[in-house]
Structure formats: structure tokens, C-alpha cells
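# Descriptive analysis of the structure
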Amino acid sequence: MEPKKKVACCGYPISIFFIVVNEFCERFSYYGMRAVLVLYFRFFLKWDDDLATNIYHTFVALCYLTPILGAIVADSWLGKFKTIIYLSIVYTAGQVVMAVSAIHDITDHDRDGVPDNMTFHVAMSMVGLFLIAMGTGGIKPCVAAFGGDQFEDHQEKQRSTFFSIFYLSINAGSLLSTVITPILRAQECGIHTQQKCYPLAFGVPAALMVVALVVFILGSGMYTKVAPKGNIILEVCRCIGFSIKNRFRHRSSQYPKREHWMDWANEKYDKLLIAQVKMLLKVLFLYIPLPMFWALFDQQGSRWTLQATTMDGNFGALIIQPDQMQTVNPILILVLVPVVDSLLYPLIAKCKLNFTPLKRMTVGMFLAAMAFVAAALVQLQIDQTLPTFPTGVAGQIKFLNLNTNEVILNIDGGRDTPVQPFKSSGDYLTFDKQFIVALNKGQAYAITLKSLARQTALITPAGLNLNLTIVEDSITKPEQGNNDIRFINAHPDDLNITTGSLDFGAISQFTSSSYKLVPQGNPIFLIRNAALQECEYTRPLGYGSSLSLVIPTSFTFGPDCGNSIQAVEDILPNTIHMAWQIPQYFLMTAGEVIFSVTGLEFSYSQAPSNMKSVLQAGWLLTVAVGNIIVLIVAELAQLPDQWAEYILFASLLVAVCIVFGIMAYFYTYVDPTEIEAQFAEIEPEEKKKKNSVELQKRDSVEKRHEERKASSSSSSSEEEASKQSKM
């Protein structure tokens, strides 16, 4: 142990304040970056939902695999302090690389707002994420343990308080970052063109990671730095490996069977260590079904966030971004943990119900499955509001009447449909072959639609006749809270229309402008003519709609100029409110509180005293495997509907619940302290017996040696006597 300056404040080492601040900044950095990550994949790198989800879960899995390596490096070679320093540098570099990868202007040579070399941005992102996974995973098992090292043996109360403050800093960092970084992402920034500000959303977490590293280094002279003493994980692995190898060597029937397969390690390892490994394996066996819970839990940051992008985030005074819905989880944790511990569990105990830890974990898994059922129900409602786009060789069309009189529409000799002035014929009609349209029971037009396209036929006057002009419509639902807006002009004047920095250009009579993406809110559209007359038109916009705003022939400039403008909805806005996600978040968080907290408590109560770190590594490994399960299930299932995938995951977790319930039923609770105490008493006796046996062996060997010496001396004297008698 290196010498340290014993500087204290209120009975606590000053060094722990550096550690707490470091942890707050690091957790802010990690969760802030992770909150916007799936949307970065989806909207900046232009990946589809499946690829964005897969890469997201691959990254999370890697973050939970690397803690094992970090623990081994810290305990066996570098020590906790150096491991934290070196891997924090790697971590910081990864965050900086991520921030740079999100700057679209680097490769946007034509300045259209879209990177021209997407390969560069993808490569930079992958390098950044790999470095972050190495850093955050590597320091995860070190920081809390390093904080515990700062206290002396008599400071148990202060150490306990430190861990409470430490975990509070984790929750505070994650909560604040999940609120703040989506707000930063929603801003627009750029050198040549203004786009969603992912560089800022990644840059602030990178800056916090720099602060975390600097703060940690500043406290260097005050830390108690424990030298590495070897890693128990490696010792456990060696013991298990030797037992398996020894059993394989003695697989012949001539060797007697042993009570437990770990008993084959008796030849090399102490019985106490073997007993501890047996207890450890007993708990790790129960971990086998647990990854399925994490497979569902971690989809809050992927599938559920993508689901929120198709919903309405207007909460009145607040506009909630899709990635901000993840804050519901930490908020509910702060509420539910004291409620469950102080109210629910005592109430169950008063009812004299045997609600054991394993039963609690089973209930937690079931609640998580129900959360995905709730998500599936919400998805079904969302799907009903989504547009049905054409498939195969089919196309879609609708008709818009720009006449001052009603027009009778007839398609292929079917029923007559009246279309009112400056109104549309209704929903899109789908055709996969040529069809005939008759207007006012006279003029007929043969129309062949473009495959996979949506079009609008403008019915315009042409003298005493009618004319059809076909314009292209939007074929994708707007994302990121935007709306596709265009103007169709039936007014005799050429009109120029702008809103903010967007310019729809000059629109002549019976023509349409191109679509422009206008964000949610109440934009003001300025309509001007050649005489510089001006009209302010305001229309509230939701999320994800596509509108054709029709300026009729009767339009006049003045105070109420906007009243005559007609809105035709090409694509409906998101009408399902984000608040409908709260029930699924509540069920998932309740499941997490009952499952995760209880699982850790149970594991620690059933694990040997010197193997808590091994269990922590095993617990983190279940999270990694859970994220890998998401990749496997999503790839194998290939379900066309998202609600069906939610039901599939819920069904798998219910099945796992049943298996875990059966395993829990046959589990026998043990007291590791008692077992270790028994072996502590037995081992000295065995050592005494062993020593006495060795002493007896040594005495017998010495006695034999003396007897041999005596016999040899007597024989030599006899020989001399016989020689003398012969002489």
C-alpha cells in the first residue's frame, strides 16, 4: 500500500469527494451519449430500425463484457488507480471521436446538409464506440472498490454512507444526462447548413468525461492505493479448470466416484476454496435464465425510443423528445425503491406470505414481460395511424379539385364521387394497372400510375373543359418531429411563400411547390404577391404529418386572409400520445426494482465472503448476454410487425419465468458464513493430522536409518574377530 496524506473532512477522507464527482461526470457522459445513440444511427447514419437496434445492443453488450477484463487487469497487474487513469484516457478519446464523427460538415462538400462520405462517419463512430466500451466497462468494477479502499477498518459507517452517496451520484448523472442531451440533440447547428446537433449532444458528454478524468487526477496525492494482490476470478477459473481436467484424467470406472465434481480439485486446492466455489456455482447456475430479463429491459433505449418517434410528444407546456422518455425509468426508480422497501415488502410480511428473494425475482421478470405486452398494445394503436404505402407494382392516387364548382368523379364506370371545390377526393386509391377517370360524366382520361409512388391529380379548369395535372406526393412519413408542407396555388397571382429560413419559391396558378420540412409548433407562413401585399398565415403542426395547403381562387390579402386556405392531409400526424408509454415504463421499472435489487441482495447473501466480485462479474455478464439475445432473436424471427416482436419477447420471458420458478422451488438457501466457519475449524485439525503423520513418517525413516547403521557396525566387528581367530 502506497503512503497517503490523511486529509479528512467531517470524518470522511477528502479523497472520496474526488471519486464521487468523477463518478457523476462519468455516468453523465455514458448515459448522455447512450440516450441519443439509436437516433444518431437512425437519422444521421441513415440506418434502418433493425440495423440501428442491432448495433446499439452490440455496443451495450460489449460495455458489460469488458468489466471482467478491467477487474482482472486492476487486481493482477496495474492496480485500481492506474487502471482507472489509463482506461479513462481511452474512454475520453472515444467520446471525442464520437463527437467528431457527428459533424456533418466534415464531408458535406456540396453543402446540402447530407454527408457525402458516410463511410468516414460510420468508421469514426465504430472506433469511438469501441473505445468507449473498453473505457466504461474497464473502470466499472474499479471505481466503487477504489472508493471503499479509502476508508480504514473502523470507518464502517462512513464507508456505508459513501456507497449510498456514490450510487446517488450514478442516478443523478444518468437522470440529468437523459434529460439534457436530447434537448441538445434537438437544437440545430452547422457551419454551412443547420442540422440536428448531434456533435453538441456527443460533445457535452465528452467534455464531462474530460472533467471526470481531470478531477480524478487532482486527488491523486490523497488516495490510498492498494497494490494488486491477484484476482479471485482467475483463482476460481483455475480451480474449476483443474477439477474438470482431473476428472477427465480419471474418467475410468476403476476410480471411485466423488460426491461433487468439484471434489476432483482436492489434490491441489484447499477444501475451503472448493466449498466456496461450490456455493458460487450454485448461485451462478440460477443466473442462466436471467439474461432474458435484460434482453427486454435494455430495449428501452432502442425499440421503445424508436416507438416514441412515431408518437405525439406535446405535453402542453412541455415538448418531450422521443429519447427523453427514457427519463421515466430513473424517475420511477427514485419513487418505487422506497415504496417497495418501506411499504410493499412489510405489508406482504404482515400478511404472513413467504415472499422469498427468488419469488420476488420471478415476479419482477413477469412484470417485465407484461411491460412488453403493454408496448405491443401501444404499437397496435400506432400502426392504425400509420399510412399504408403502395407495394409491388402498385401506385396510389387521389384527386384535388381546384375549380370553384363541384366536380363529379367516376373511375372505371363505378360509382360517381362528388369532389367539393378546393377539397380532395379522400383517401388514396391504389391501382396496379391502367384505369379510366371520367370528369363530370364527360371527359375521360386513361391514367397509369408510377409503381411505389403516391400522386395527386389536380383537376383544373381549361376553358369550358377540365384538365388533369399530376404531381408527386410524399412517399415517406416525416421523422424527428418534422412535417412535410407544400402549397398548391389556385389564385391568379404568382405567390411567394416563406416561413423562417425556408423559401417555397414563387408558385404560379394551378401549380404546386416542393415539400419543405417544417418542425412541430405554430409556424407563421408569409404569403406575398408581386405588388408586395403580404399575408400572415398560421397553422398548428403536430408530428409527422404531410399537408398540401391549397390557396383558393377567392383568396384575398387582409386581416383574415388565412381563413380561406384549405389544408389537405396527405399523411396524418402522430396522434397516439407519448404518455401511453408510461404504463409500459412503470411495469418495466417495477420489474427492475423487484428483480435487480433483490437479485443482487440474494446473490451477495448466498456467495462466499471473498467471491462477491466474481458474482458481480457474473451479474454483469447476464446483462451482456441479454443484449446478445436481442440480436439473435431479432435476426432469426424477422417479423414484419413490431407488435409481434414485442409479443415474442414477452412470451420468451414468460417461458423463462416458469423455468426460473421451477429452479427456485428446488433451491436450498445456505449460510456461507457458517459453511466457511466449519471449514475454518476442520482445516486446522486436518493440518495437525497431516503434520503428525509426516512426523511419524520422519521418525520411522530415521529409526530405520539408525538400525541399518547399527547392523552394519556389528557385522564389521564380527568379521574382524573371525580374521583374528584364523590368524
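Residues numbered from 1 in each chain as written. Predicted model: local features only at pLDDT ≥ 70, side-chain atom pairs only at ≥ 80, totals over all residues. Heavy atoms only, no water.

### Examining the state of the cysteines
Enumeration over the complete set of coordinates arrives at 2 disulfides. Each sulfur in the disulfide pair Cys189 and Cys197 lies 2.0 Å from the other. Measuring handedness by torsion sign, the sulfur bridge of Cys189 and Cys197 sits at about 105° and is right-handed. With its sulfur 1.9 Å from that of its partner, Cys535 forms a disulfide with Cys561. Between Cys535 and Cys561, the disulfide has an S-S torsion of 90° and is therefore right-handed. Here Cys561 lies in the loop between strand 20 (546–551) and strand 21 (566–571) and Cys535 lies in strand 19 (residues 534–538), a separation of 26 residues in the sequence. (Disulfide = S-S within 2.5 Å. Helix = DSSP H or I, 4+ residues; strand = E, 2+ residues; numbered from the N terminus.)

### A short note on the sheet that holds strand 19
Spatial strand order, 15-14-18-19: 4 strands in an open sheet with antiparallel pairing. Of all strands in the sheet, those bounded by a partner on one side alone are strand 15 (502–507) and strand 19. Between one strand and the next, the sheet's axes are offset by a mean angle of 20°, whatever the strand orientation. Pairing of strand 14 (residues 495–499) with strand 18 (residues 524–528), which is carried by 3 bridges, proceeds in the antiparallel orientation. When the bridges of strand 18 are listed, Thr498 appears paired with Leu526. (Pairing = 2+ DSSP bridges. Axes fitted to C-alpha atoms, helices over the stretch in contact; angles between N-to-C directions.)

### Examining the pattern of salt bridges
The full count for this structure, using the stated rule, is 17 salt bridges. A salt bridge links Asp149 to Lys80, with the shortest nitrogen-to-oxygen separation between them at 3.1 Å. Note that Asp149 is positioned in the loop between helix 4 (118–148) and helix 5 (156–186) and Lys80 in helix 3 (residues 80–101), a separation of 69 residues in sequence. Assessed through its relative accessible area of 17%, Lys80 is described here as buried. In the salt-bridge network here, residues are joined through shared partners; they are Lys398, Asp473, Arg486 and Asp570. (Salt bridge = Lys/Arg side-chain N within 4 Å of Asp/Glu carboxyl O. Buried < 20%, exposed > 50% of the residue type's maximum accessible area, 1.4 Å probe, protein only.)

### With respect to unusual backbone geometry
If you check the backbone angles, Lys352 has positive phi at about 60° while not being a glycine. Here Lys352 shows up in the loop between helix 11 (328–350) and helix 12 (357–385). When its relative accessible area of 77% is taken as the criterion, Lys352 is described as exposed. At Asp412, a residue that is not glycine, the phi angle is positive and equals roughly 50°. Tracing the chain through its elements places Asp412 in the loop between strand 6 (407–411) and strand 7 (417–419).

### Overview of the pairing of strand 13 (residues 482–489)
With 8 of 8 residues buried, strand 13 lies mostly within the body of the structure. The two faces of strand 13 match: Asn482, Asp484, Arg486 and Ile488 on one face and Asn483, Ile485, Phe487 and Asn489 on the other face are all buried. Relative to strand 17 (residues 516–519), strand 13 runs antiparallel, the two being bridged by 4 bridges. Looking at the pairing, Asn482 lines up with Pro519 of strand 17. Both strand 13 and strand 20 contribute to a ladder of 6 bridges, which runs parallel. In the sheet register, Ile488 faces strand 20, and the bridge partner there is Val550.

### Comments concerning the nonpolar core
If you look at the biggest cluster of nonpolar residues, it comprises 134 residues, and the most contacted ones within it are Leu37, Tyr40, Phe41, Phe59, Phe202 and Met365. With 16 residues, helix 1 (residues 15–44) is the single largest residue contributor to this core. Excluding residues within four positions of it along the chain, Met365 makes contact with Pro289, Leu290, Phe293, Phe595, Leu653, Val656, Cys657 and Phe660. Leu495, Phe525, Cys535 and Leu541 belong to the second largest nonpolar core, which has 18 residues in total. (Core = buried A, V, L, I, M, F, W, Y, C linked by side-chain atoms within 4.5 Å. Contact = heavy atoms within 4.5 Å.)

### A closer look at the environment of Arg247
Position of Arg247 among the secondary structure elements: in helix 7 (residues 232–249). The class for Arg247 is partly exposed, based on a relative accessible area of 32%. Between the C-alpha atom of Arg247 and that of Gln326, which follows or precedes it by 79 residues, the distance is 50 Å.

### Regarding empty space enclosed by the protein
Here the structure, examined in full by the defined rule, presents 1 cavity of 30 Å³ or more. Val337, Val340, Asp341, Tyr345, Val593, Val597 and Thr598 are the residues that line the largest cavity. Those elements that provide at least two residues to the lining of the largest cavity are helix 11 and helix 13 (582–606). Per-element accounting of the lining of the largest cavity gives the leading share, 4 residues, to helix 11. (1 Å grid on protein atoms, 1.4 Å probe; cavity = no way out; pocket = protein on both sides within 12 Å on 5 of 7 lines; lining within 4 Å. Points joined across faces, edges and corners; volume = space filled by probe spheres on them.)

### Points about the confidence of the model for the protein
For the protein, the mean per-residue pLDDT works out to 87, and 92% of the residues sit at or above 70. Segment residues 716–727 is flagged for pLDDT under 50; beyond a separation of four residues in sequence, or across chains, it makes 0 contacts in the model. (pLDDT = per-residue confidence, 0-100.)

### Considering the sheet that holds strand 6
Pairing between the strands of a sheet is mediated by backbone hydrogen bonds and can be parallel or antiparallel. Strand order in the open sheet formed by 4 strands is 7-6-9-10, and the pairing between neighbours is antiparallel. Each of the sheet's edge strands pairs with one partner strand only, and the pair in question is strand 7 and strand 10 (443–447). For this sheet the average axis-to-axis angle between neighbouring strands, irrespective of direction, equals 30°. Across 3 bridges, strand 6 lies against strand 9 (residues 435–439) in antiparallel orientation. Bridge pairing in strand 9 places Ile411 opposite Val437.

### Looking at helix 7
In a regular helix each residue adds 1.5 Å, so 18 residues correspond to 26 Å; helix 7 covers 26 Å between its end C-alpha atoms and thus fits that length. Among the residues making up helix 7, those that are buried are Ile233, Val236, Cys239, Ile240, Phe242, Ser243 and Asn246. (Expected span 1.5 Å × (residues − 1).)

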